[in-house]
Every structure is written in C-alpha cells, then in structure tokens.
Amino acid sequence: MKKFILSIDQGTTSTRTIIFDEKFDIVGSDQLEFKQLFPKDGCVEHDPLEIFETVLKTSKATIKKAKLNVNQISGIGITNQRETVVVWNKETGEPIYNAIVWQDRRTVNYCKELAKKGLAKKIQKITGLVIDAYFSATKIKWVLDNIESSKKLLKDNKLLFGTIDCWLLWKLTEGRSYFTEATNASRTMLFDIKKNCWSEELLKIFGIPRSILPDVKDSSDDFGFTTLLGGEIPIGGIAGDQQAATIGQACFEPGSIKSTYGTGCFMLMNTGENIKISKNNLLTTIAYRINGKNTYALEGSIFIAGAAIQWLRDSLKIIKSAEETEKLYGQNDKTQQIYFVPAFVGLGAPYWDGEARGAIFGMTRNTGIADFVKAAIDSVAYQTKDLVLAMERDSGLSIKKLKVDGGMVKNEQFLQFLSNILISLCDRPKITETTALGAAYLAGLSLGLIKSTKDIEKKWQSEKVFKPKLHKKEVKYLYDGWLKAIKKISIKKNRNKN
Ligand code: ADP
C-alpha cells in the first residue's frame, strides 16, 4: 500500500495542511485563516483553541480531498509560526490567556531594561539571539506577571508553557506528549544552543520556573501519536517554519542559503556544526537537530516583504491584486529613481531599529502607480542585499546562489531584480511549499521513509534560475541610493550622531 505523510503548516495568518505521497509530491491540501486579534496598539494575539480547530479541520479536509483512508497516512510532520507563546492549564487543557504572537511588541520596554543592564552579550552568547520582544521569553514573563490565574496554577503545578508546536502536539496527543523540539526552543531566548538545554541562568533572570517548560526533542523524533483524525497516526517531525523551509530547500551544506518571501522575508544560511555568533546583528539559531546533533544557521529577518505589496493593495488601494504588480513593474517611468523603505514596524536585521518608520524618496509630478509598485518590489531586493552582505561579513563566504521560495517568488520581475542587485543566482525550486515539505521530510526521516538528508538533497529540483544582468557599476549606484534612504529614516544612527 502507498504511504503518505500529512504535513501541518501552522502559520501566522492561516493553517495549511498538505499531504505528500512517497515521492514527496503533493496529493492534497487545505487552508483555513483564523482571527488576528489586536487588543491594543502593538499587541497581536491569537486564540490557541481556534488555531487547534483549524489544524483538525484542515487535516480532515485534506485527507478527504486526497481521497485517502486514515490508515494510509504513515505519519505527521508539524511546522509552525515561531516564538508565539501559549500558556495553559494542564488539567483542563484551557489556555489561561490568548497566544501572544511573535509580532507583539508589548514587552519592548522590558527589553530595553535588559539591554541597559548590560545583558545583551550574555544572552547572545547563550541563545544566539539579540534582545528583542520578538522572542518568547519576555512574553512568557508578561503572562506570569499579568495574568492572575497563573499564580495559583503555578503553585499547584498545573501550569504549562509551549510554543505553537508544543501546544499542537499536546492537544493532538490529548496531553500524552509534552515536548518541544530544538529549532523552536532556540527561538525562546531561554535555550542554551551550545549545551542543548534550557539555561538555568536565563530562567532565573526572567523568573520563569523550569517546571512550566517542555523537554526538547530532535527535529526528527518520536513525538507520540494522535487518534483525533480517525486512526492512530505517529507524529515524527517538528520544526519552526523557517527551519522547515531550510530543510525543504535541502540547504544541508555549510554555506547554502534559502530566502523565503512571504509577509516578511527570512534568510537562513547553514553554518554546519559550528556556532557563528554574528558581529553584524544577525541571529544564530539551530537549523535542525537530527540524531542528537545540532546543525546551526545564521538568520536574517525582514519584517515587511510581501506585506509592502499588501499595503499597496489594502491601504493605498492602487492595485487590486498582488499578481497585478507583475504587469505594472515594467511600466515605470525610467527617468525616475524612487526608493521606498517599508519600515512600517521599524527595521529588522541587520539594523534592528524598532523606532524607524517608512518613507518614500525621490517622487516627482510624474510619479505614478507603476513607480510605487517598482519601488515596493525593489525594496525587498535591497533589504535582501543588506542581509547578504551581513552574512558574507559574518561567514567570510562569498554568496553565489540563493534558493528562493514563498508567495512573492511567483513574481519573475522581482526575482530578476533580486538577482541583478545581489549579483548572484536566484534558484526557484519546483515545489515552493518548502515549509510543509521540510516538515514532511523530518517525519519521513524518523519513520524510515527517507534514510538521510542526502536523500532529500537528491529530491530537490530547480524549476528556474535567474541570472544577474546588470553591470556592477550600476548595481553600486542603485544600492548606494538605498543606503542613503536607510540613513535618512534611521533613528538609531541619527540619535547616536546627535
Ligand atoms: P505567508 O506565508 O507569510 O502568509 P505567502 O508565502 O503565502 O505568505 O506569500 C504571500 C505574500 O506574497 C503576500 O504578502 C503577497 O503580497 C505576496 N505575493 C503573492 N503573489 C505575489 C506576486 N505575484 N507578486 C508580488 N508579491 C506577491
């Protein structure tokens, strides 16, 4: 009988479930969006029970669409939005508060205090991360400090914390499995990525008891089983979304890089068994842990990539669909040089300037919709160049090729400009659902359907390669303009100067 793997991709705005066959071709999928809650400026929350509902519903719908029986599913892989925090009552299974989402900025001031105390170096050395509200630790502390019911539950030993993977696993196994895995743990700002354990020292600093944290398994491991989909199905693989995409893109060699262009952009470079602590404001993170061995990565995150296109569509309403940008891109006025810095929520790596805000430079009376579109798309390429240069400085390697995926890579104009500005190849794979694919591979490894990462490398197929077409001098001219624009909106640099 043919064997299939069900991959659950629990993202920030929707849950997507995909079934892969033995060759890792897609045979069915389903997707459901869920509510985004914005209780206050800067706060972003989800309902953890609603998220779990979307997981059950999309899983059942995908099995039905693929016309399969549950007993044909060999295993489940899970990949998830990272850093998001759920705290729940272990007896009732009820969350004590909404999930606090990675985008949530409520703990910014507390992070500033940590930095003032001079903890940045220590935290970076242990966790590989820069101090930021983005990661789980300060969010957990917020729940413990602000949600009254946490105090008694903690005293009665009934409180549990988990990132989304851990919450889903606990729910799917009806409380039998309380685990997280290494890549998710490495985004909490509590995990010692060298010693592979929760850091006692950091738990003390944040006032978080070890008793509310799960044990940490490999990315490909025996996570228990679920019976909630109709039969008994083992769960064999878990990874945070960006790490899963790194696996789906078969970035197993040190120096290989993938860049995912969805709402934001996340670039990961495999650095092998060595921990490289960034001197250029990138993050050091666990790329995957297989057979008890960590492989590390450098990561750069851009908060606004495809979201810049959404802004043109939903706020400015100057385009009707993201696809329209492909046609409009070439229709810009070639005499103009417009720069759009989409720092709507500050700047991510390598600037980490939370107070900077967006701007558009170089407009004239002739500036029109096509110019806005080009500037928005180009901004994603320029931000990528910022990351690539930081990675080159940190790794000492010269980057010749980028494997790309995510919703934006449908746009060939974007990929051509990206290749031009990076002066490197941009390789688009046949399967661009790399996140779900990576989770399926991890499950396949633990279930014995794939033997090693070498098998995954053999399966990876390129669909189209984009080659640089601009002269170096022109690239320098264009990129210099971008750097000038960044300088103008950068609060940190200007403040330091004054
Ligand atoms: P996420 O997983 O973060 O929700 P996706 O990978 O589904 O994101 O990608 C969606 C993003 O890609 C949206 O922000 C959208 O604006 C952008 N996008 C989709 N199609 C195109 C296109 N043809 N050109 C440019 N951007 C696009």
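Residues numbered from 1 in each chain as written. Predicted model: local features only at pLDDT ≥ 70, side-chain atom pairs only at ≥ 80, totals over all residues. Heavy atoms only, no water.

**Structural notes on unusual backbone geometry**
Here is step 1 of the chain: Here Ala 349 and Pro 350 are connected by a cis peptide whose omega angle stands at -5 degrees.
Here is step 2 of the chain: For Pro 350, the position within the fold is in the loop between strand S19 (339-341) and strand S20 (359-361).
Here is step 3 of the chain: Residue Glu 83 is not a glycine yet carries a positive backbone phi of 70 degrees.
Here is step 4 of the chain: When you line up the elements, Glu 83 lands in the loop between strand S5 (73-80) and strand S6 (85-89).
Here is step 5 of the chain: You will see that Asn 281, though not glycine, has its phi angle at about 65 degrees, which is positive. (Helix = DSSP H or I, 4+ residues; strand = E, 2+ residues; numbered from the N terminus.)

**Observations regarding the pattern of salt bridges**
Here is step 1 of the chain: Under the criterion given, the structure shown has 31 salt bridges.
Here is step 2 of the chain: Note that Arg 106 and Glu 45 form a salt bridge whose closest N and O atoms lie 2.8 Å from each other. Taken together, the positions of Arg 106 in the loop between strand S7 (99-100) and helix H2 (108-116) and Glu 45 in strand S4 (residues 45-46) put the pair 61 residues apart, joining distant regions of the chain.
Here is step 3 of the chain: Here Glu 174 makes a salt bridge to Arg 176, at a shortest N to O gap of 3.9 Å. (Salt bridge = Lys/Arg side-chain N within 4 Å of Asp/Glu carboxyl O.)

**Remarks on the pairing of strand S16 (residues 265-272)**
Here is step 1 of the chain: Judged by how many residues are buried, S16 sits mostly within the fold: eight of eight residues are covered.
Here is step 2 of the chain: Side chains Cys 265, Met 267, Met 269 and Thr 271 of S16 all project onto a buried face; the interleaved residues Phe 266, Leu 268, Asn 270 and Gly 272 project onto the opposite face, where all are buried too.
Here is step 3 of the chain: Direction of pairing for strand S15 (residues 257-261) relative to S16: antiparallel, over a ladder of five bridges. Bridge assignment links Tyr 261 to a residue of S16, and that residue is Cys 265. (Buried < 20%, exposed > 50% of the residue type's maximum accessible area, 1.4 Å probe, protein only. Pairing = 2+ DSSP bridges.)

**Some points on the site of the ligand**
Here is step 1 of the chain: Around the ligand there are 17 residues in total, and Thr 263, Gly 306, Gln 310, Glu 326 and Gly 407 lie nearest to it.
Here is step 2 of the chain: In the model, a nitrogen atom of the ligand is placed 2.7 Å from a nitrogen or oxygen of the Glu 326 side chain.
Here is step 3 of the chain: Here the ligand has 580 Å² of accessible area as a free molecule, and 78% of this is covered by the chains.
Here is step 4 of the chain: Looking at the shell around the ligand, the elements with two or more residues in it are helix H10 (306-314) and helix H11 (324-328).
Here is step 5 of the chain: Top element by residues in the shell around the ligand is H10. It accounts for four residues.
Here is step 6 of the chain: Along the lines of polarity and charge, the residues of the shell around the ligand split into four nonpolar, nine polar and four charged. (Near = heavy atom within 4 Å. Polar contact = N/O pair within 3.5 Å; in protein donor to acceptor, adjacent residues only side chain to side chain. Areas by Shrake-Rupley, 256 points an atom, 1.4 Å probe, with all protein chains shown as cover. Nonpolar A, V, L, I, M, F, W, Y, C, P; charged D, E, K, R; others polar.)

**Some details on the pairing of S6**
Two faces belong to every sheet, and in a regular strand the side chains alternate between them.
Here is step 1 of the chain: Among the five residues of S6, five are classified as buried, and the element is accordingly described as predominantly covered.
Here is step 2 of the chain: Looking at chain direction, S6 and strand S8 (residues 159-163) are connected through five bridges and run antiparallel. Of the residues in S8, the one forming a bridge with Trp 88 is Leu 160.

**Some thoughts on the nonpolar core**
Here is step 1 of the chain: Counting residues in each nonpolar core, the largest one holds 105 residues, and the members touching the most others are Leu 190, Phe 206, Ile 208, Tyr 261, Phe 414 and Leu 418.
Here is step 2 of the chain: Examining the composition of this core, we find that twelve residues originate from one element, helix H12 (residues 369-395), more than from any other.
Here is step 3 of the chain: In this structure Ile 208 touches Ala 137, Ile 140, Lys 141, Leu 144, Leu 190, Leu 203 and Leu 213, once residues within four positions along its chain are discounted. (Core = buried A, V, L, I, M, F, W, Y, C linked by side-chain atoms within 4.5 Å. Contact = heavy atoms within 4.5 Å.)

**Details of the side chain of Ser 220**
Here is step 1 of the chain: Note that Ser 220 resides in the loop between strand S12 (215-217) and strand S13 (225-226).
Here is step 2 of the chain: Relative accessible area serves as the criterion here: at 12%, Ser 220 is assigned to the buried category.
Here is step 3 of the chain: From its side chain, Ser 220 meets the backbone oxygen of Leu 442 in a polar contact 2.8 Å long.
Here is step 4 of the chain: There is a polar contact of 3.2 Å between the side chain of Ser 220 and the backbone nitrogen of Ser 446.
Here is step 5 of the chain: Beyond its immediate sequence surroundings of up to four residues, Ser 220 is in contact with Gly 236, Gly 237, Arg 289, Leu 442, Leu 445 and Ser 446.

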